[in-house]
Amino acid sequence: YLAHMQQAGITPGDVEGMVRSAGVDAALSALYDAGVRVGLDVFKGRRPIESPGLHLEVRATDFDNPLVRPHYEGSTGGSRGVGTRLVIDLDLVRYEAAHLMLSLLALQALDRTAGFWRPLPPGVTGIKEILYRARIGRLPEVWFSQNRYHPRSEDIRAALFAACALGGSRLWARPLPWPRHVPLDRAIEVAGWLAEQTAGGRPALLDTNVSSAVRVCRAATQAGVDVSGTLFRTGGEPLTLGRAEIIERTSSRVVCNYGIAEAGRLGLACGDPEHLDEVHLLADKIAILQRPKVPACGGPEIDALHVTTLHPATPKLMLNVEIGDYAVRSRRSCS
């Protein structure tokens with residue numbers, strides 16, 4: 001980023017002045033127009049930074065946040081393969097736990113029995129969601145995991161952190177659930193747990209990714225298992241109309257959140273959405289700049305998202321980084 005700004009003749013003091021006088025969005029727009037921006041392939045370390053008069057070889061780790069305190073390590077990818085290594089600061093976990101509390105209140109789900117179907121470390125989503133719950137005092141009942149732990153030297157620290165967190169919770173008489181391996185082809189086991197909650201008159205909340213929620217509902221439908229009333233709190237993949245219909249056929253409700261591992265949660269599900277995948281932008285934590293772009297694969301022009309991180313504990317420092325997604329941004333009052 002400094003190389004970009006030096007080439008554009010912009011100092012950190014100039015940036016501070018722009019933010020104070022015109023606001024964050026206007027400052028980011030001015031920086032973008034001056035060439036201070038990073039493409040997804042550069043951010044992932046797959047291509048160098050190249051612009052007129054500037055060539056800079058980069059790695060994905062060059063965008064690591066030096067302000068982060070390395071409380072534990074994880075990675076993107078989780079159950080679907082090797083991903084980018086991430087260092088997690090518990091200050092960010094504490095901050096995002098407040099977002100979870102607000103979200104559950106908006107969804108009227110704070111007191112629902114909760115379960116998870118999330119991967120084990122080194123994937124970060126499962127252990128982070130468990131820690132959020134511990135922070136707000138709403139402990140989950142079960143943690144199903146799509147993957148088994150396969151010890152590798154680079155994953156030992158992540159596994160040790162999870163073991164210490166789960167074991168330590170028992171010392172404080174606030175036990176967190178030990179993960180139970182339930183692969184994707186045994187989704188009926190998760191459906192069975194949800195059916196138990198429905199039969200007991202207290203439908204549960206299941207936190208998982210979108211495709212896993214679909215598998216649970218397909219398994220329930222095929223087996224004639226009643227999971228009605230369940231709230232599926234999803235993320236990780238687009239929530240399409242087709243996927244939502246499969247879930248809603250079980251008389252369940254589904255909402256989606258939006259995030260990226262490099263910055264954490266970017267948007268929380270609206271409790272009164274006008275659109276299926278509508279989320280509240282977490283403008284206290286990240287800033288979004290949109291610029292028109294024609295995708296490399298062709299098709300209509302889109303409003304590509306460029307993310308800037310505002311919280312000092314995000315795993316990566318991002319300044320006008322295009323993340324490969326697009327959205328429609330609007331402002332309205334919901335209930």
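Data block above holds the structure.
Summary of the structure given here. Keep in mind that this is a model prediction, so the values were computed, not measured.

### Here we look at the overall build of the chain
Along the chain, the regular secondary structure elements total ten helices and 16 strands. Whereas a compact globule of 335 residues would reach a radius of gyration of roughly 20 Å, the chain reaches 21 Å, a difference of no more than 12%. Its C-alpha atoms give the chain principal-axis dimensions of roughly 65 × 45 × 35 Å. Looking at the chain as a whole, 46% of its 335 residues qualify as buried. Residue pairs in contact within the chain that sit at least 24 positions apart in sequence constitute 63% of those at least 6 positions apart. With the model as given, the accessible surface of the chain reaches about 16,600 Å², and the carbon-plus-sulfur share is 54%. Averaged over its 38 positive side-chain charges, the chain has a centre that lies 5 Å from the centre of its 36 negative ones.

### Re the packing of aromatic side chains
Pairs of aromatic rings are described using the distance from one ring centre to the other and the angle between the two planes. Summed over all chains, the structure comprises four aromatic pairs. Arranged with centres 5.1 Å apart and planes meeting at 55°, the rings of Phe43 and Phe63 form a pair that is tilted. With Phe43 in helix H4 (residues 40-43) and Phe63 in the loop between strand S2 (54-56) and strand S3 (72-75), this pair connects stretches of sequence that are 20 residues apart. As far as the burial class goes, Phe43 and Phe63 line up, both buried. Through a chain of ring-to-ring contacts, the aromatic side chains of Tyr1, Phe43 and Phe63 assemble into a single cluster. Lying across the ring of Tyr32, Arg37 places its NZ or CZ 4.4 Å from the centre.

### Quick word on the pairing of strand S12 (residues 264-269)
In terms of burial, S12 is largely enclosed, as six of its six residues are buried. Direction of pairing for strand S11 (residues 258-260) relative to S12: antiparallel, over a ladder of three bridges. Bridge pairing links Tyr258 to Gly267 in S12. Where S11 hands over to S12, the hairpin turn is made up of three residues, counted between the paired strands. In terms of strand pairing, S12 meets strand S13 (residues 279-281) through three bridges, oriented antiparallel. Counterpart to Ala269 in the pairing with S13 is Val279.

### Regarding the sheet that holds strand S15 (residues 302-309)
With respect to topology, three strands assemble into an open sheet ordered S14-S15-S16, the strand pairing being antiparallel. Of all the strands in the sheet, the pair left with one neighbour each is strand S14 (286-293) and strand S16 (321-326). On average, each strand axis in the sheet is inclined to that of its neighbour by 35°, with strand direction left out of account. Where S15 lies against S16, three bridges are found, and the strand directions are antiparallel. Across the sheet, residue His306 finds its bridge partner in S16, namely Glu322. Together, S14 and S15 form the strand contacts of helix H3 (residues 24-33), whose direction differs from that of S14 by roughly 45°.

### A few points about the pattern of salt bridges
Applying the stated criterion across every chain yields a total of 23 salt bridges. The structure contains a network of salt bridges with shared partners spanning Arg118, Glu129, Asp207, Arg233 and Arg265.

### What about the environment of Ala213?
Residue position: Ala213 is located in helix H9 (residues 210-223). Note: C-alpha distance between Ala213 and Trp117 (96 residues apart in sequence) is 8.8 Å. Those residues in contact with Ala213, other than ones at most four positions away along the chain, are Thr208, Phe232, Thr234 and Ile247.

### A look at the nonpolar core
Trp117, Phe144, Val190, Leu194, Val216, Phe232 and Ile247 are the most contacted members of the largest nonpolar core, which totals 27 residues. Elements with a minimum of two residues in this core: strand S6 (142-145), helix H8 (187-199), H9, helix H10 (241-248) and strand S10 (253-256). Here this core gets seven residues from one element, more than from any other, and that element is H9. Excluding residues that lie within four positions of it along the chain, Leu194 makes contacts with Ala204, Leu206, Val216, Val227, Thr230 and Phe232. Ranked by size, the runner-up nonpolar core spans 21 residues in total, among them Ile88, Val93, Leu104 and Ala162.

### Observations concerning the layout of surface pockets
Gaps between atoms show up when a probe of the same size as a water molecule is rolled over them. Its boundaries defined by the atoms lining it, the second largest pocket holds a volume of some 700 Å³. In this structure, the second largest pocket is lined by 30 residues; those nearest its centre are Val38, Gly39, Leu40, Lys293 and Glu322. For the lining of the second largest pocket, the secondary-structure elements that each account for two or more residues are helix H1 (2-8), H4, strand S1 (49-51), S14, S15 and S16. Top contributing element to the lining of the second largest pocket by residue count: S16, with four residues. Residue classes in the lining of the second largest pocket are distributed as 15 nonpolar, seven polar and eight charged.

Scoring rules and cut-offs
- The residue numbers shown here count from 1 along each chain, following its written sequence.
- Two thresholds apply to this predicted model, a pLDDT of at least 70 for residue-level local features and 80 or more for giving and counting side-chain atom pairs, whereas whole-chain, interface and lining totals are computed over all residues.
- In computing side-chain properties, one takes all heavy atoms of the structure into account and sets aside hydrogens as well as water.
- Think of it this way: any DSSP run of H or I at least four residues long counts as a helix, any run of E at least two long counts as a strand, and we number them from the N terminus.
- Only C-alpha atoms enter the radius of gyration, while the globule expectation follows 2.2 Å times N to the 0.38, with N the number of residues.
- Working definition: with a 1.4 Å probe on protein chains only, accessible area under 20% of the residue-type maximum means buried, over 50% means exposed, and in between means partly exposed.
- Only heavy atoms enter the contact rule, under which two residues are in contact if any of them lie within 4.5 Å.
- Working definition of accessibility: Shrake-Rupley area with a 1.4 Å probe, residue cover restricted to the visible protein chains.
- Only four residue types enter the tally: Lys and Arg on the positive side, Asp and Glu on the negative side, with His and both chain ends excluded.
- Every charge is mapped to an atom, namely NZ of Lys, CZ of Arg, CG of Asp or CD of Glu.
- Each aromatic pair joins two rings of Phe, Tyr and Trp (for Trp, the six-membered one) with centres within 6.5 Å, and gets the label stacked for planes under 30 degrees apart, edge-to-face for over 60, and tilted for any other angle.
- Whether a charge sits over a ring comes down to the Lys NZ or Arg CZ being within 6 Å of the ring centre and within 35 degrees of the ring normal.
- When DSSP finds at least two bridges between two strands, those strands are taken to pair.
- What counts as an axis is a line fitted to C-alpha atoms, over the stretch in contact for a helix, and the angles between N-to-C directions run from 0 to 180 degrees.
- By convention in these notes, a salt bridge is any Lys or Arg side-chain nitrogen within 4 Å of a carboxyl oxygen on Asp or Glu.
- In this text, buried Ala, Val, Leu, Ile, Met, Phe, Trp, Tyr and Cys residues form a nonpolar core when linked through side-chain atoms within 4.5 Å.
- Lining residues are those with an atom within 4 Å of a point, where the points come from a 1 Å grid over the protein atoms alone and group into cavities, where a 1.4 Å probe fits but cannot get out, or pockets, open sets with protein on both sides within 12 Å along at least five of seven lines.
- Grid points are joined across faces, edges and corners, and a volume is the space filled by probe spheres set on the points.
- For this scheme, ten residues count as nonpolar: Ala, Val, Leu, Ile, Met, Phe, Trp, Tyr, Cys and Pro. Four count as charged, namely Asp, Glu, Lys and Arg, and the remainder, Gly too, count as polar.

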